[in-house]
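Examining the three-dimensional arrangement
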Amino acid sequence: MNANATRIAHLSDVHMLDARPSRARSGYSMGHRFLSFGRPLDAVGRRRKVAHALSAARRVGADHVVVSGDLTEIGAPGEFETLAEELHASGFAPERITLVPGNHDLYTSPDAWTRAIEGPLAAFRATSAQEPGRVVEAAGVRFLPLDVARYQPVTRSAGWIDDVALDAVQRRASDAGLADRPLVVVQHHPPFVRNTQAWQWIDGLIGAARLMTILEAFRHLFVLHGHLHSAVNRVLGCGVARVLGATAIVDDKDAPRVRLYDVRDGQLAAAGLVTG
Ligand SMILES: [Fe+2]
Ligand SMILES: [Fe+2]
């Protein structure tokens, strides 16, 4: 890494289960079984993968860690508590970690994220998603962490970016005083409108079209996202990838993948992967 660069580690979709020793192992809910379909309900394994991913981020000298949603499997309090324990054990100071909620984090209750960020995740509150438009200064970039999650049935997995949030992103992006560094929206859903109206309603980001218009207008604006469980590098003008999606830690076997970005001379560029 260039000595003048700062490095961001991006991991996503950890889908943490409650792995605290106190948890009764009497079984999982129907919601867990539906939402984890095709993936083992291995609480200890998921926790271990998060630990390994964070340790890989430390090993490569990450200055800041972004976790782009689906922090938990169903947004149960014990799942947030397990995640908090792993984050606190990571060796990263809380102000060097940015968290945003995903659709899975609100399947249990509408206020699950609020309760988590005021409870077990309180140490990460200042650098994580709260009111839209709040700027988090870190590692040579400015983050705009956004909460696009809403309470919905487990059969739907949409996100919402409303006009208040879009106005806030536009206001920050058009602020000349903030144009000297990358301005990085962190949100769970990708900003793309899906191919069909049905799929957009079920799994898309409601409001994505206007976000794409804003992204196209400001070259220093980036989005780091998750949700798709696959890597995304969408180029928007001038050959620079500015929509960057991470794979899902929950889908990785023994070697969880963490995306890296280097920031130097006011530019943010993908810098490959590290595995835990
Ligand atoms: Fe996910
Ligand atoms: Fe998701």
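Check the entry above for the structure.
Below: a short report on this structure. (Residues numbered from 1 in each chain as written. Chains lettered and ligands numbered in written order. Predicted model: local features only at pLDDT ≥ 70, side-chain atom pairs only at ≥ 80, totals over all residues. Heavy atoms only, no water.)

1. Section: the coordination of the iron ion (ligand 2)
Where we set the bar: The rule for donors is simple: an N, O or S atom within 2.8 Å of the metal counts, and for Na, K and Ca the reach is 3.2 Å. Water is not among the atoms, so a site may look short of donors. For a four-donor site, all angles between 85 and 135 degrees give tetrahedral; for four or six donors, opposite pairs above 155 degrees with the remaining angles between 65 and 115 give square planar or octahedral; all remaining cases count as irregular. Strands here are runs of E lasting at least two residues and helices are runs of H or I lasting at least four, both read from the DSSP assignment and numbered beginning at the N terminus. We call a residue buried when its accessible area falls under 20% of the maximum for its residue type, exposed when it is over 50%, and partly exposed in between, using a 1.4 Å probe and counting protein chains only.
In the first shell of the iron ion (ligand 2), the protein supplies Asp70 (OD), Asn103 (OD1), His188 (NE2) and His227 (ND1), at 2.1 to 2.3 Å from the metal. Between the 4 donor atoms coordinating the iron ion (ligand 2), the angles at the centre fall across 88 to 160 degrees, so the site counts as irregular. Within one chain, the residues donating to the iron ion (ligand 2) are spaced in sequence as D-x32-N-x84-H-x38-H. Between the iron ion (ligand 2) and the iron ion (ligand 1), both coordinated by Asp70, there is a metal-metal distance of 3.5 Å. Within this pair, whereas Asp70 is found in the loop between strand S2 (64-68) and helix H3 (77-88), its partner Asn103 is found in the loop between strand S3 (97-100) and helix H4 (112-118), the two being separated by 33 residues in sequence. Among the residues examined, Asp70 registers a relative accessible area of 1% and is labelled buried. Asn103 sits in the buried class, given a relative accessible area of 1%.

2. Quick word on the pattern of salt bridges
For side chains bearing opposite charge, pairing can occur when the charged atoms are close. How we decide: Definition used for salt bridges: Asp or Glu carboxyl oxygen within 4 Å of a side-chain nitrogen of Lys or Arg.
Here the structure, examined in full by the defined rule, presents 15 salt bridges. For Arg47, the salt bridge identified is with Glu85, shortest N-O distance 2.8 Å. Of the two residues, Arg47 is situated in helix H2 (residues 43-59) and Glu85 in helix H3; the sequence distance between them amounts to 38 residues. Salt-bridge contacts for Arg142 lead to Glu137; the nearest nitrogen and oxygen are separated by 3.2 Å. What makes Glu137 partly exposed here is its relative accessible area of 49%. In this structure, a network of salt bridges that share partners links the residues Glu137, Arg142, Asp180 and Arg181.

3. What to know about the sheet that holds strand S4 (residues 136-138)
Selection rule: Paired strands, as defined in this entry, are two strands with at least two bridges between them according to DSSP. Every angle, taken between N-to-C directions, lies between 0 and 180 degrees, and every axis is a line fitted to C-alpha atoms, over only the stretch in contact when it is a helix. The contact rule is simple, with two residues in contact once any of their heavy atoms fall within 4.5 Å.
The 6 strands are arranged S4-S5-S7-S9-S11-S10 in an open sheet whose pairing can be described as mixed. Of all strands in the sheet, those with a lone pairing partner are S4 and strand S10 (232-235), marking the two edges. Shown here is a sheet whose adjacent strand axes are inclined to one another by a mean of 25 degrees, direction ignored. Where helix H5 (residues 163-173) meets the sheet, it contacts strand S5 (141-145), strand S7 (183-186) and strand S9 (221-225), and its direction lies at approximately 165 degrees from that of S7. Packed on one face of the sheet, helix H7 (residues 208-217) meets S9, S10 and strand S11 (241-245) and runs near 135 degrees to S9.

4. Some words on the sheet that holds strand S12 (residues 257-264)
Within a sheet, each strand pairs with its neighbour through backbone hydrogen bonds, oriented either parallel or antiparallel. Across the sheet, which stays open at both edges, the 5 strands sit in the order S3-S2-S1-S12-S13 with mixed pairing between neighbours. In this open sheet, the two strands that pair with only one neighbour each are S3 and strand S13 (267-275). The mean angle between the axes of side-by-side strands here comes to 20 degrees, regardless of whether they run parallel or antiparallel. Strand direction decides the pairing type here: strand S1 (residues 6-11) and S2, joined by 4 bridges, are parallel. What sits directly across from His10, in S2, is Val66. The strands touched by H2 within the sheet are S1, S2, S12 and S13, with S13 carrying the most contacts at an inclination of about 125 degrees.

5. Here we look at unusual backbone geometry
Keep in mind that most residues, glycine aside, have a negative phi and that most peptide bonds are trans. If you check the backbone angles, Asp70 has positive phi at about 50 degrees while not being a glycine. In this model, His227 sits at a positive phi of 75 degrees, which is unusual for a non-glycine residue. Relative to the helices and strands, His227 is located in the loop between S9 and S10. We classify His227 as buried; its relative accessible area is 10%.

6. A word on the pairing of S12
The buried count for S12 comes to 6 of 8 residues, which makes it a mostly enclosed element. Sheet topology places S1 next to S12; 5 bridges connect them, and they run antiparallel. Residue pairing across strands places Ala9 opposite Leu260, the latter belonging to S12. Sheet topology note: the S12/S13 ladder contains 7 bridges and is antiparallel. The partner of Tyr261 across the bridge, within S13, is Ala270. Hairpin connection, S12 to S13: the antiparallel pair is bridged by 2 residues, and Asp265 has positive phi, about 50 degrees.

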